[in-house]
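What the coordinates show
Residues per chain, in single letters:
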Amino acid sequence: MDHTSKIRVVVLDENPVLVDGLNFLINSARPLAALVIPQRDLKLCDHIKRQHPDVIVADPAYLERALTAENLDFQSFRGESRLIAYCDVRETQPAETYINRGYNGVVTKTVASPRLLRAIKAVYAGDVVIDQSALAVAERIAPEIEITRGKLSGKEAFVLRHVALGKAMKEIAADIQLSAKTVETYKYRAIKKLDLRTRSDIVNYAISVGWLQH
């Protein structure tokens, strides 16, 4: 596999030793390639636009400060890149906070290296990834969420989970060999049973019942 066919990853963190270590780890994984951001010359946003990473692994607090300093908008900064919140456990918020902000995955800095690499690959493939390490932190800082998955039929749960993962109705229909209209009906029944109104509601529910763990 040549460099151009690899998943291109940028790591953003204020700790240069951590960045170097993660870059080494990423380059050691055959499908991945770390892109280096020089600490001079161009602004952060200019580097991102120039290098076009597929996935950005960023400390949320560091990224927020960098965006504020450069007066950048979160969505315009990320462009087409998928984004993983790589969180310090002392600052980690509930996972849905990051997902609602626009991140595609949440992993804490305590996670084992293989799980971080799997999260990068899964996010690149289009999944929403909430690592167990992030869920464990959330359980300590947030009240327990009542899980009502038992209200759903098997097909309703399947459809709702894949909606949370960002799949289109046609993709889900192909997976279970049903028409898109039938799949839409399962989705409608599920959100009515659970009183969900928005995509964020669906994602939050999926997080609460553990559907988005990898």
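Conventions adopted
- Residues numbered from 1 in each chain as written.
- Predicted model: local features only at pLDDT ≥ 70, side-chain atom pairs only at ≥ 80, totals over all residues.
- Heavy atoms only, no water.
- Phe/Tyr/Trp six-rings, centres within 6.5 Å; stacked < 30°, edge-to-face > 60°.
- Buried < 20%, exposed > 50% of the residue type's maximum accessible area, 1.4 Å probe, protein only.
- Axes fitted to C-alpha atoms, helices over the stretch in contact; angles between N-to-C directions.
- Helix = DSSP H or I, 4+ residues; strand = E, 2+ residues; numbered from the N terminus.
- Parallel < 35°, antiparallel > 145°, perpendicular 65-115°, else oblique.
- Contact = heavy atoms within 4.5 Å.
- Nonpolar A, V, L, I, M, F, W, Y, C, P; charged D, E, K, R; others polar.
- Arc of directions from axis to C-beta.
- Salt bridge = Lys/Arg side-chain N within 4 Å of Asp/Glu carboxyl O.
- Pairing = 2+ DSSP bridges.
- Core = buried A, V, L, I, M, F, W, Y, C linked by side-chain atoms within 4.5 Å.
- Right-handed = clockwise from strand over helix to strand, strands pointing away.

With that settled, the discussion passes to the packing of aromatic side chains. Summed over the entire model, instances satisfying the criterion amount to 3 aromatic pairs. Both rings, one in Tyr205 and one in Trp211, keep their centres 5.4 Å apart while their planes meet at 80°; by these two values the pair is edge-to-face. For Tyr205, a relative accessible area of 7% puts it in the buried group. A connected cluster of aromatic rings, assembled from ring pairs, spans Phe74, Tyr98 and Tyr103.

In this section: the packing of helix α9 (residues 169-176) against helix α10 (residues 180-194). Two elements in contact, α9 and α10, have axes whose closest approach is 8 Å; the angle formed by their N-to-C orientations is 100°. Looking at the two axes, α9 sits roughly perpendicular to α10. Between α9 and α10, the contacting residues are Met169, Ile172, Ala173 and Ile176 on the first element and Ala180, Val183, Glu184 and Lys187 on the second. Each residue belonging to the contact of α9 with α10 can be placed in one class, and the counts come to 6 nonpolar, no polar and 2 charged.

Before going further, it helps to spend a moment on α9. Along α9, the positions that sit buried rather than exposed are Met169, Ile172 and Ala173. Take α9 and look down its axis: the buried residues cluster within an arc of 100°, on one side only. In α9, the exposed positions that point more than 90 degrees away from the buried face belong to Lys170 and Ala174. Packed against the buried residues of α9 are α8 (154-164) and α10. Immediately downstream of α9, the backbone of Gln177 shows phi near 55°, a positive value.

What follows deals with the pattern of salt bridges. This structure, assessed with the given rule, holds 8 salt bridges. One salt bridge in this structure joins Arg197 and Asp195, with 3.2 Å as the shortest N-O distance. Linked by salt bridges that have partners in common, Asp13, Asp59 and Lys109 make up one network.

Counting buried residues in strand β1 (residues 7-12) gives 5 out of 6 residues, a clear majority hidden from the surface. Relative to strand β2 (residues 32-35), β1 runs parallel, the two sharing 4 bridges. Each bridged residue has a counterpart across the sheet, and for Val10 the counterpart in β2 is Leu35. Direction of pairing for β1 relative to strand β3 (residues 55-58): parallel, over a ladder of 4 bridges. Considered in β3, the bridge of Val11 is made with Val57.

Soluble globular proteins tend to pack their nonpolar side chains together in the buried interior. Counting 50 residues, the largest nonpolar core has Leu12, Leu63, Phe77, Val106, Leu160, Trp211 and Leu212 as its most contacted members. Beyond its immediate stretch of four places on either side in the chain, Val106 contacts Ala85, Cys87, Ala95, Tyr98, Ile99, Val129, Ile130, Asp131 and Ala134. Within the second largest apolar cluster, 23 residues are counted, among which are Leu25, Ala34, Val111 and Ala119.

This part is about the sheet that holds strand β5 (residues 105-108). Strand order in the open sheet made by the 6 strands is β2-β1-β3-β4-β5-β6, with parallel pairing throughout. Edge strands, defined here as strands with exactly one partner in the open sheet, are β2 and β6 (129-130). With 4 bridges connecting them, strand β4 (residues 82-87) and β5 associate as parallel partners. Each residue of the ladder has a partner; that of Ala85, found in β5, is Val106.

Because side chains alternate across β2, one face comprises the buried residues Leu32 and Ala34, and the other comprises Ala33 and Leu35, equally buried. In this fold, β1 hands off to helix α1 (residues 16-28), which returns the chain to β2; that crossover is right-handed.

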